[in-house]
Amino acid sequence: MLTRNYLFIFFFLFLAVSLEPNSSKILSETMGNSSSMLTQYDIEEVQQHCQRLFSQQEIVSLYERFCQLDRNAKGFISADEFLSVPEFAMNPLSQRLLKMVDGLNFKDFVAFLSAFSAKASVQMKIKLIFKVYDSDGNGKVSFNDILEVLRDLSGSFISDNQREQVLTQLLKEAGYSKDSYLTLDDFIKVLGSPGLKMEVEVPVD
């Protein structure tokens, strides 16, 4: 449905551009022997942690990108290091995303990116979207919470009136109103249409 695709496409287009590991801005040079630091056991453990949504080769590739961001080899990526990526820093959702990615170790970094895999379920992608909308982490999302994110994403391309109309219609079709507070299950009901196609993924080759 148009309204569902509107919310999904806007969100993932902006998010995927920010976190694409192949960006030349992230990888100014190759990592040499960094992949040798991962043992076969490590790779299999990470693969299990991300529900096997990435292949072993993809995990090694992601590890090289993780090392590029983790400049001081701390074992995690800080907010400042994420913000050093221009695509991330310029993203209108960057401050919301930082709450989710600041301090991630490699296993959690891969798990976070798993939502972008073509193998990831629609529910998994929606769960990630819900976390961004639920900025205060109370497990509920209001009409204004969603509207605020859409305003950040679309800017002046869409008027406030158009955004409100789209969102009001979307909620109405799912049996909710502007006064409703949506939980994750509600969010899946609103966006998780069987006909919904979402195949945006982060390249790792």
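The protein is annotated in an unreviewed UniProt entry as EF-hand domain-containing protein from Hibiscus sabdariffa.

Student: When you look at the overall build of the protein in this model, what are you seeing that I'm missing?
Tutor: The number of helices and strands found in the protein is eleven helices and two strands. Listing the helices and strands of the protein from first to last along the sequence gives α-α-α-β-α-α-α-β-α-α-α-α-α. Of the accessible surface of the protein, which amounts to about 10600 Å², a share of 50% is contributed by carbon and sulfur atoms.

Student: Please explain unusual backbone geometry as it appears in this structure.
Tutor: What you tend to see is this: most non-glycine residues have negative phi, and most peptide bonds are trans. The residue Gln51 is not glycine, and still its phi comes out positive at about 60°. In this fold, Gln51 is placed in the loop between α2 (40-49) and α3 (56-69).

Student: What is the right way to look at helix α11 (residues 184-191) in this model?
Tutor: Every α-helix winds through 3.6 residues per turn, so residues three or four apart in the chain are directed the same way. Taken residue by residue, α11 has Asp186, Phe187, Val190 and Leu191 as its buried positions. For α11, the buried positions fall inside an angular range of 120° around the axis, keeping them on one side. Opposite the buried face of α11, at more than 90 degrees from it, the exposed residues are Asp185 and Lys189.

Student: When you look at the nonpolar core in this model, what are you seeing that I'm missing?
Tutor: It is characteristic of soluble globular proteins that their nonpolar side chains tend to be buried jointly. Phe106, Phe109 and Phe187 are the most contacted members of the largest nonpolar core, which has 51 residues in total. In this view, Phe106 contacts Leu38, Val46, Ile59, Leu62, Tyr63, Phe66 and Gly75; residues no more than four positions away in its chain are not counted.

Student: Help me out: how do you make sense of the packing of helix α6 (residues 94-101) against helix α8 (residues 122-133) in this one?
Tutor: Relative orientation and spacing of two packed helices are given, respectively, by the angle between their axes and the distance between those axes. Between α6 and α8, the shortest axis-to-axis distance is 9 Å and the interhelical angle comes to 115°. Overall, the two elements α6 and α8 adopt an arrangement that is roughly perpendicular. Considering the relative orientation of α6 and α8, their crossing is right-handed. Residue-level inspection shows Arg96, Leu97 and Met100 of α6 in contact with α8, the latter providing Leu128, Lys131, Val132 and Tyr133. Within the contact of α6 with α8, the residues separate by chemical class into five nonpolar, no polar and two charged.

Student: Would you explain the environment of Leu93 in this entry?
Tutor: For Leu93, the position within the fold is in the loop between α5 (86-89) and α6. For Leu93, a relative accessible area of 1% translates into the label buried.

Student: Any chance you could explain the packing of α8 against α11 here in plain terms?
Tutor: Viewed as axis vectors pointing N to C, α8 and α11 meet at an angle of 120°, and their least axial separation amounts to 10 Å. Taken together, the axis directions place α8 and α11 in an arrangement best described as oblique. In the packing of α8 onto α11, the handedness of the crossing is right-handed. In this structure, α8 contributes Gln123, Ile126, Lys127, Ile129, Phe130 and Tyr133 to the contact, and α11 contributes Leu184, Phe187, Ile188 and Leu191. Partitioning the contact of α8 with α11 into residue classes produces eight nonpolar, one polar and one charged.

Student: Help me understand the pattern of salt bridges, please; the structure alone is not making it clear to me.
Tutor: Two side chains with opposite charge may pair up if their charged atoms get near one another. Evaluated as defined, the whole model comprises eight salt bridges. Salt-bridge contacts for Lys74 lead to Glu81; the nearest nitrogen and oxygen are separated by 2.7 Å. On the accessibility criterion, Lys74 (33% relative accessible area) is partly exposed. Between Glu164 and Lys178 there is a salt bridge whose closest N-O contact spans 3.9 Å. Here Glu164, found in helix α10 (residues 160-173), pairs with Lys178, found in the loop between α10 and α11; they are 14 residues apart in sequence, far enough to count as distant. In this structure, a network of salt bridges that share partners links the residues Asp70, Lys74 and Glu81.

Scoring rules and cut-offs
Residues numbered from 1 in each chain as written. Predicted model: local features only at pLDDT ≥ 70, side-chain atom pairs only at ≥ 80, totals over all residues. Heavy atoms only, no water. Helix = DSSP H or I, 4+ residues; strand = E, 2+ residues; numbered from the N terminus. Areas by Shrake-Rupley, 256 points an atom, 1.4 Å probe, with all protein chains shown as cover. Buried < 20%, exposed > 50% of the residue type's maximum accessible area, 1.4 Å probe, protein only. Arc of directions from axis to C-beta. Core = buried A, V, L, I, M, F, W, Y, C linked by side-chain atoms within 4.5 Å. Contact = heavy atoms within 4.5 Å. Axes fitted to C-alpha atoms, helices over the stretch in contact; angles between N-to-C directions. Parallel < 35°, antiparallel > 145°, perpendicular 65-115°, else oblique. Left-handed = near helix turned anticlockwise from the far one by under 90°. Nonpolar A, V, L, I, M, F, W, Y, C, P; charged D, E, K, R; others polar. Salt bridge = Lys/Arg side-chain N within 4 Å of Asp/Glu carboxyl O.

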